[in-house]
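Spelled out, the chains give:
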Amino acid sequence: MKARSFLRRKWWLVAVVIAAVCLWLAYRILPWNAASPDEVEAARRNVDRSITMMASAGRPHIAIVVASPEPGGVPWIMHNRGFGPKMEDQLFRWAHTGHYRWQPDAR
């Protein structure tokens with residue numbers, strides 16, 4: 001009986017916990033690297049370019065697009081999110097905000 005009265009008074013807490021569990025499951029299960037074939041082909045042309053992205057919580061992030069270790073695969077990114085430099089298959093995980101290419105002056 002006490003459990004029912006607690007749930008009646010704290011219904012919002014139960015809703016928040018359920019929402020948090022659903023978001024956690026979606027983060028773990030959804031295919032973050034789902035991209036159309038056109039996006040993959042454009043990414044292959046952008047290897048060795050710097051990109052800027054909006055990472056989780058709206059933080060700006062910088063990465064370098066590198067070739068995939070698998071032949072013909074989707075390019076990966078080289079980045080550092082505070083845990084040391086890593087090469088990961090997360091090119092399409094966050095929204096891109098810019099693409100940049102360094103070209104030295106031809107003198």
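A brief look at the structure comes next. (Residues numbered from 1 in each chain as written. Predicted model: local features only at pLDDT ≥ 70, side-chain atom pairs only at ≥ 80, totals over all residues. Heavy atoms only, no water.)

The next thing to look at is the overall build of the protein chain. Looking only at helices and strands, the protein chain has three helices and five strands in total. Traced from its N-terminal end to its C-terminal end, the protein chain shows the element sequence α-α-α-β-β-β-β-β. The proportion of buried residues among the 107 residues of the protein chain is 22%. Taking contacts inside the protein chain between residues at least 6 apart in sequence as the whole, the part at least 24 apart equals 40%. For the protein chain, the exposed surface amounts to about 8,400 Å²; the carbon and sulfur share of it is 63%. (Helix = DSSP H or I, 4+ residues; strand = E, 2+ residues; numbered from the N terminus. Buried < 20%, exposed > 50% of the residue type's maximum accessible area, 1.4 Å probe, protein only. Contact = heavy atoms within 4.5 Å. Areas by Shrake-Rupley, 256 points an atom, 1.4 Å probe, with all protein chains shown as cover.)

Turning to unusual backbone geometry, a few remarks are in order. Look at D48: it is not a glycine, yet its phi comes out positive at around 75°. With respect to the helices and strands, D48 occurs in the loop between α3 (37–45) and β1 (50–54).

With antiparallel pairing, the five strands of this open sheet are ordered in space as β4-β3-β2-β1-β5. Taken across any chain shown, the strands that pair with only one partner, and hence form the sheet edges, are β4 (85–88) and β5 (95–100). Recorded for the sheet is a direction-independent mean angle of 30° between the axes of neighbouring strands. Bridge analysis of strand β2 (residues 60–66) against strand β3 (residues 76–80) gives three bridges, and the strand direction is antiparallel. Directly across from I64, in β3, lies its bridge partner M78. (Pairing = 2+ DSSP bridges. Axes fitted to C-alpha atoms, helices over the stretch in contact; angles between N-to-C directions.)

This next bit is on the side chain of E88. With respect to the helices and strands, E88 occurs in strand β4. Within the buried set, E88 has no salt-bridge partner at all; the shortest N-O distance to an opposite charge, 4.5 Å, is to R81. There is a polar contact of 2.6 Å between the side chain of E88 and the side chain of H79. (Lys, Arg positive; Asp, Glu negative; His and termini not counted. Salt bridge = Lys/Arg side-chain N within 4 Å of Asp/Glu carboxyl O. Polar contact = N/O pair within 3.5 Å; in protein donor to acceptor, adjacent residues only side chain to side chain.)

Attention shifts here to the environment of H61. As for its position among the elements, H61 is in strand β2. Residues H61 and R81, 20 residues apart in the sequence, show an inter-C-alpha distance of 8.1 Å. When residues no more than four places from it in sequence are discounted, the contact partners of H61 are I51, T52, M53, A55, H79, N80, R81 and W94. For H61, the side chain forms a polar contact with the side chain of H79, separated by 2.9 Å.

It is worth spelling out the environment of P85 at this point. Looking at where P85 falls in the secondary structure, it is placed in strand β4. Among all residues touching P85, those that are not within four sequence positions of it are H79 and N80.

A few words on the pairing of β4. Judged from the four bridges that link them, β3 and β4 form a sheet pairing that is antiparallel. In the sheet register, H79 faces β4, and the bridge partner there is K86.

Bringing the nonpolar core into the picture now. The biggest cluster of nonpolar side chains holds 11 residues, and these are V40, A43, I51, M53, A55, A63, V65, I77, L91, F92 and W94. Mapped onto this core, the elements with two or more residues apiece are α3, β1 and β2. Contacts of W94, omitting those with residues within four sequence positions, involve M53, M54, A55, S56, H61, H79 and R81. (Core = buried A, V, L, I, M, F, W, Y, C linked by side-chain atoms within 4.5 Å.)

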